[in-house]
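Fold and geometry: a report
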Amino acid sequence: MLDRDGFRPNVGIILLNHKNQVFWGKRIRTHSWQFPQGGIDRGESPEQAMFRELHEEVGLMPDHVRVVARTRDWLRYEVPDRYIRRDARGHYKGQKQIWFLLQLLGHDWDLNLRATDHPEFDAWRWNDYWVPLDVVVEFKRGVYEMALTELARFIPRQDHRNRYLRGSMRSRDQDAASGASAPHRGGQLLLHPGVELPPGATFDPTPPSATAPGLSADGEKSHGQH
């Protein structure tokens, strides 16, 4: 489904965790990383397409996320001829995208890259919001920059200091009520024995950020176009 100018309607998804890091997916059987995205089917609204792609690509349902914001207008990029199927040249020009900023309400273990029989990603990680544009395929960099810039002002604010103080006060109140003293080391509360982390998770409050390898041109599954 192309518009009169040869652009295919598409949605892009920027998914935030509670630390305001973004979901970064590795395309299956490649070394390329990108945000989830996909085409809008005939009769779908951009939001309907976004929720469908969210489930197909990362296994999340609408109640796992909160829609924080979306881009006001379509963001377009042209695809170089060498990446377009020969039979589509002259008709297909590129993508026009509505980008959504989502807040994850669930947990890391709610993510499922095998939610369908045709997975898009075979690995994922959390990355800093401002992904380095040199890891994005060249013809998409402008759209990534525009989307990230437009949506950045909607990123939920975090008050780590107040949250820490409230947590400390609750701990003291609970300890006082029970007559017990909370175990601690270096001023930090220890977890209750037996608490286990899900695979790939960490208790490190500031895990080291990884540098994503370059993206491939194949940015969308539908019809082999981008």
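Quick note: structure is the one above.
This report concerns the structure included in the present document. (Residues numbered from 1 in each chain as written. Predicted model: local features only at pLDDT ≥ 70, side-chain atom pairs only at ≥ 80, totals over all residues. Heavy atoms only, no water.)

The next point concerns the overall build of the protein chain. Check the secondary structure of the protein chain and you find 3 helices and 10 strands. Secondary structure elements of the protein chain, listed N to C terminal, follow the sequence β-β-β-β-α-β-β-β-β-α-α-β-β. Relative to its full complement of 226 residues, the protein chain shows a buried share of 42%. For the protein chain, long-range pairs separated by at least 24 residues make up 74% of all intrachain contacts whose partners lie at least 6 apart in sequence. As displayed, the protein chain has an accessible area near 13,300 Å², and 50% of this comes from carbon and sulfur atoms. (Helix = DSSP H or I, 4+ residues; strand = E, 2+ residues; numbered from the N terminus. Buried < 20%, exposed > 50% of the residue type's maximum accessible area, 1.4 Å probe, protein only. Contact = heavy atoms within 4.5 Å. Areas by Shrake-Rupley, 256 points an atom, 1.4 Å probe, with all protein chains shown as cover.)

Let us now look at the packing of aromatic side chains. Remark: the centre distance and the inter-plane angle together describe each pair of aromatic rings, the angle taken between the planes. What the rule picks out here adds up to 12 aromatic pairs. Ring plane angle 20° and centroid distance 5.7 Å describe the contact between phenylalanine 23 and tryptophan 124, whose orientation is recorded as stacked. Remark: tryptophan 124 occurs in strand β8 (residues 121–127) and phenylalanine 23 occurs in strand β2 (residues 22–27); sequence separation between them is 101 residues. Geometrically, the ring pair formed by tryptophan 124 and tryptophan 126 is edge-to-face, given 5.4 Å between the ring centres and 80° between the ring planes. The class for tryptophan 124 is partly exposed, based on a relative accessible area of 27%. One cation-aromatic arrangement involves arginine 76 over phenylalanine 7; the distance from NZ or CZ to the ring centre is 5.8 Å. Positioned over the ring face of tryptophan 74 is lysine 96, at 4.8 Å from the centre of the ring. (Phe/Tyr/Trp six-rings, centres within 6.5 Å; stacked < 30°, edge-to-face > 60°. Lys NZ or Arg CZ within 6 Å of the ring centre and 35° of its normal.)

Unlike most non-glycine residues, asparagine 20 shows phi in positive territory, near 65°. When you line up the elements, asparagine 20 lands in the loop between β1 (7–16) and β2.

What follows concerns helix α2 (residues 141–152). With 12 residues, α2 ought to run about 16 Å at 1.5 Å a step, and its terminal C-alpha atoms sit 16 Å apart, in line with that. Restricting attention to buried positions, one finds in α2 the residues Val143, Tyr144, Ala147, Leu148 and Leu151. Axial view of α2: buried residues confined to an arc of 125°, hence all on one face. (Expected span 1.5 Å × (residues − 1). Arc of directions from axis to C-beta.)

With respect to burial, β1 is a largely interior element, 10 of its 10 residues being buried. The side-chain alternation of β1 yields two buried faces, one formed by Phe7, Pro9, Val11, Ile13 and Leu15 and the other by Arg8, Asn10, Gly12, Ile14 and Leu16. Sheet topology places β1 next to strand β7 (residues 94–104); 10 bridges connect them, and they run parallel. The partner of isoleucine 13 across the bridge, within β7, is phenylalanine 100. (Pairing = 2+ DSSP bridges.)

The next subject is helix α1 (residues 46–58). The end-to-end C-alpha distance of α1, which contains 13 residues, comes to 17 Å, matching closely the 18 Å that a straight helix rising 1.5 Å per residue would cover. Buried within α1 we find Pro46, Ala49, Met50, Phe51, Glu53, Leu54, Glu57 and Val58. Considering only its buried residues, α1 is in contact with β1, β2, β4 (37–39), β5 (65–70), β7 and β8. Of the residues one or two after α1, glycine 59 is the one with positive phi, at around 80°.

Further remarks concern the environment of leucine 105. Residue position: leucine 105 is located in the loop between β7 and β8. Ignoring anything within four residues of it in the chain, the contact list for leucine 105 reads Asp63, His64, Val65 and Arg66.

Bringing the side chain of asparagine 17 into the picture now. Note that asparagine 17 resides in the loop between β1 and β2. Ignoring anything within four residues of it in the chain, the contact list for asparagine 17 reads Gln103, Leu104 and Trp126.

Before going further, it helps to examine the environment of glycine 25. If you trace the backbone, glycine 25 turns up in strand β2. For glycine 25, a relative accessible area of 0% gives the class buried. Here the alpha-carbon distance between glycine 25 and alanine 123, two residues 98 residues apart in the chain, equals 6.0 Å. Ignoring sequence-local partners within four residues, the contact set of glycine 25 consists of Ser32, Trp33, Gln34, Phe121, Ala123 and Trp124.

With that settled, consider the nonpolar core. Membership of the largest hydrophobic core comes to 27 residues, with the highest contact counts inside it found for Ile14, Trp24, Phe35, Trp99 and Tyr129. Broken down by secondary-structure element, the contributors of at least two residues to this core are β1, β2, β5, β6 (75–78), β7 and α2. Look past the residues within four positions of tryptophan 99 in its chain and what remains in contact with it is Gly12, Ile13, Ile14, Phe35, Ala69, Arg70, Thr71, Leu75, Val143, Tyr144, Ala147 and Leu151. Counting residues in each nonpolar core, the second largest holds 20 residues, with Ile40, Ala49, Val58 and Val65 among its members. (Core = buried A, V, L, I, M, F, W, Y, C linked by side-chain atoms within 4.5 Å.)

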